[in-house]
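Structural overview
These are the residues of each chain, in order.
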Amino acid sequence: MRASPDPSIVRIDGPWTHRDVSANGIRLHVAELGSGPMVLLLHGFGEFWWTWHHQLEALADAGYRAVAVDLRGYGDSDKPPRGYDAWTLAGDVAGLIRSLGARKAHLVGHAWGGMLALTAAALHLRVVESVTVIGSAHPLALRSSISHTALRRKRTNQARAMAHLFRFQVPMAPERWLVKDDAAAVGALFRDWSGPQWTKTADFDAAMTNFRQAMLVAGVPHSALEYYRWAFRAQFRGEGKRFTDAVGTRVSAPVLQLHGSADPCVLPETATASAPWLGPHSPLTTWDGVGHFPHLEAPAATNDALLTFLTKP
């Protein structure tokens, strides 16, 4: 059996600095660049901190302290057997901000990272300056679109788009599937979820090499799947109702939504359906031909929109 790569494989060289930070009872690996107000970047499923390499440099050049973290269970961060519930993950975010010496941070999250950013804004408002959600939706909007009630009536478009959520609930088999043939499934998922233009580029191939290697790090497949498993199973437990109550009010921090019109994973209409839980001035920007990864597929447009939002008085 092929040995798993050392977690340090994700510490890719660049203008940033790698460091370990203790927060919320675990060790989190971060890459940071620049100085000024903190922008904390939270990645999605199958990614790691490097997914933000375009944004790290753009934010630092604009006068921000950009910090990209390997979330709990990913990359070179700790991979404990539990703690993948929303409360603990939001506590990781709040604890990391404080451990890095900041009073507040702007949160930028992709996919799962976007939902985590909105959750942290609801549960730990005092440490959140603003939220930017990329290729994601409010967790209650996503839940509503794929709820078991809706599924009893008809299989909704969003439910079909998130079919992997249900496949990931069984034990062991999804972990084996993710690492088979050097994590070929990660490359296949990303190709299916990306806009057609990006998948034809050398940049896409290079990104897939990095993401596939990162998935092969011991413990990452199981940890990545635990995010999905908690989110699904909590709906049938009391903690699901407690979570709904906790995040069911409008986010008071300013929110920006960035989305690809060709996103086949989190559909644009699901992002639009997030409006009831966001503030009254929460713009949604979409780009034609862009899929689930705007920060990678259209980095210049993403950076411009993000910086415009962050510098708005």
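On a predicted model such as this, the values are computed, not experimentally measured, just so you know.

Here's the deal with the overall build of the protein
Along the protein, the regular secondary structure elements total 14 helices and 8 strands. In terms of overall dimensions, the protein is globule-like: its C-alpha atoms have a radius of gyration of 18 Å, near the 20 Å expected for 313 residues. Referenced to the eigenvectors of the C-alpha coordinate spread, the extents of the protein come out at roughly 50 × 50 × 40 Å. For the protein, contacts bridging at least 24 residues in sequence account for 74% of all contacts bridging at least 6. As displayed, the protein offers around 12900 Å² of accessible surface, 54% of which is attributable to carbon and sulfur atoms.

Quick look at unusual backbone geometry
Of note, Met172 is a non-glycine position whose phi angle comes to about 70 degrees, a positive value. Looking at the secondary structure, you find Met172 in the loop between helix H7 (163-167) and helix H8 (173-193). Look at Met172 and you get exposed, because its relative accessible area is 56%. The phi dihedral of Ala183 falls on the positive side, at around 60 degrees, and the residue is not glycine.

Here's the deal with the pattern of salt bridges
Counted by the stated rule, this structure contains 11 salt bridges. The closest approach of N and O atoms between Arg65 and Glu32, which form a salt bridge, is 3.0 Å. Here the residue Arg65 occupies a position in strand S4 (residues 65-69), and Glu32 occupies one in strand S2 (residues 26-33), the gap between them amounting to 33 residues. Comparing Arg65 with Glu32, the two get one shared label, buried. In this structure, Arg229 engages Glu226 in a salt bridge whose closest nitrogen and oxygen atoms are separated by 3.3 Å. Taken together, the residues span about one helical turn, with Arg229 and Glu226 both in helix H10 (residues 220-233) at a distance of 3 residues. Each of the two residues, Arg229 as well as Glu226, counts as buried. Residues joined by salt bridges that share partners form a network here, namely Arg11, Asp20, Arg27, Asp76 and Asp78.

Observations regarding the pairing of strand S3 (residues 38-42)
With respect to burial, S3 is a largely interior element, 5 of its 5 residues being buried. The side-chain alternation of S3 yields two buried faces, one formed by Met38, Leu40 and Leu42 and the other by Val39 and Leu41. Bridge count for S3 against S4 is 5 bridges, and the pairing is parallel. Residue Leu41 lies in a different strand from S4, and its bridge partner there is Ala68. Viewed along the sheet, the connection from S3 through helix H1 (residues 53-61) into S4 turns out right-handed. Both S3 and strand S5 (residues 105-110) contribute to a ladder of 4 bridges, which runs parallel. Paired with Val39 across the strands is His106, a residue of S5.

Structural notes on the environment of Ser194
Along the chain, the position of Ser194 falls in the loop between H8 and helix H9 (202-215). Residues Ser194 and His138, 56 residues apart in the sequence, show an inter-C-alpha distance of 21 Å. For Ser194, the contacting residues outside a window of four places in its chain are Thr199, Phe204, Gly291, His292, Phe293 and Glu297. At a separation of 2.5 Å, a polar atom in the side chain of Ser194 contacts the main-chain carbonyl oxygen of Phe190.

Focus on the packing of aromatic side chains
Across all of its chains, the model carries 22 aromatic pairs by this definition. Taking 4.7 Å as the distance between ring centres and 20 degrees as the angle between the ring planes, the aromatic pair formed by Phe190 and Phe293 counts as stacked. Separated by 103 residues along the polypeptide, Phe190 in helix H8 and Phe293 in the loop between strand S8 (284-287) and helix H13 (294-297) bring together distant segments of the chain. Using a relative accessible area of 0% as the deciding quantity, one classes Phe190 as buried.

Re the environment of Phe190
Distance in space between the C-alpha atoms of Phe190 and Arg103 is 35 Å, their sequence separation being 87 residues. Residues contacting Phe190, with those up to four places away along its chain left out, are Phe45, Gly46, Glu47, Phe204, Met208, Phe211 and Phe293.

Conventions adopted
- Residues numbered from 1 in each chain as written.
- Predicted model: local features only at pLDDT ≥ 70, side-chain atom pairs only at ≥ 80, totals over all residues.
- Heavy atoms only, no water.
- Helix = DSSP H or I, 4+ residues; strand = E, 2+ residues; numbered from the N terminus.
- Rg over C-alpha atoms; globule rule 2.2 N^0.38 Å.
- Contact = heavy atoms within 4.5 Å.
- Areas by Shrake-Rupley, 256 points an atom, 1.4 Å probe, with all protein chains shown as cover.
- Buried < 20%, exposed > 50% of the residue type's maximum accessible area, 1.4 Å probe, protein only.
- Salt bridge = Lys/Arg side-chain N within 4 Å of Asp/Glu carboxyl O.
- Pairing = 2+ DSSP bridges.
- Right-handed = clockwise from strand over helix to strand, strands pointing away.
- Polar contact = N/O pair within 3.5 Å; in protein donor to acceptor, adjacent residues only side chain to side chain.
- Phe/Tyr/Trp six-rings, centres within 6.5 Å; stacked < 30°, edge-to-face > 60°.

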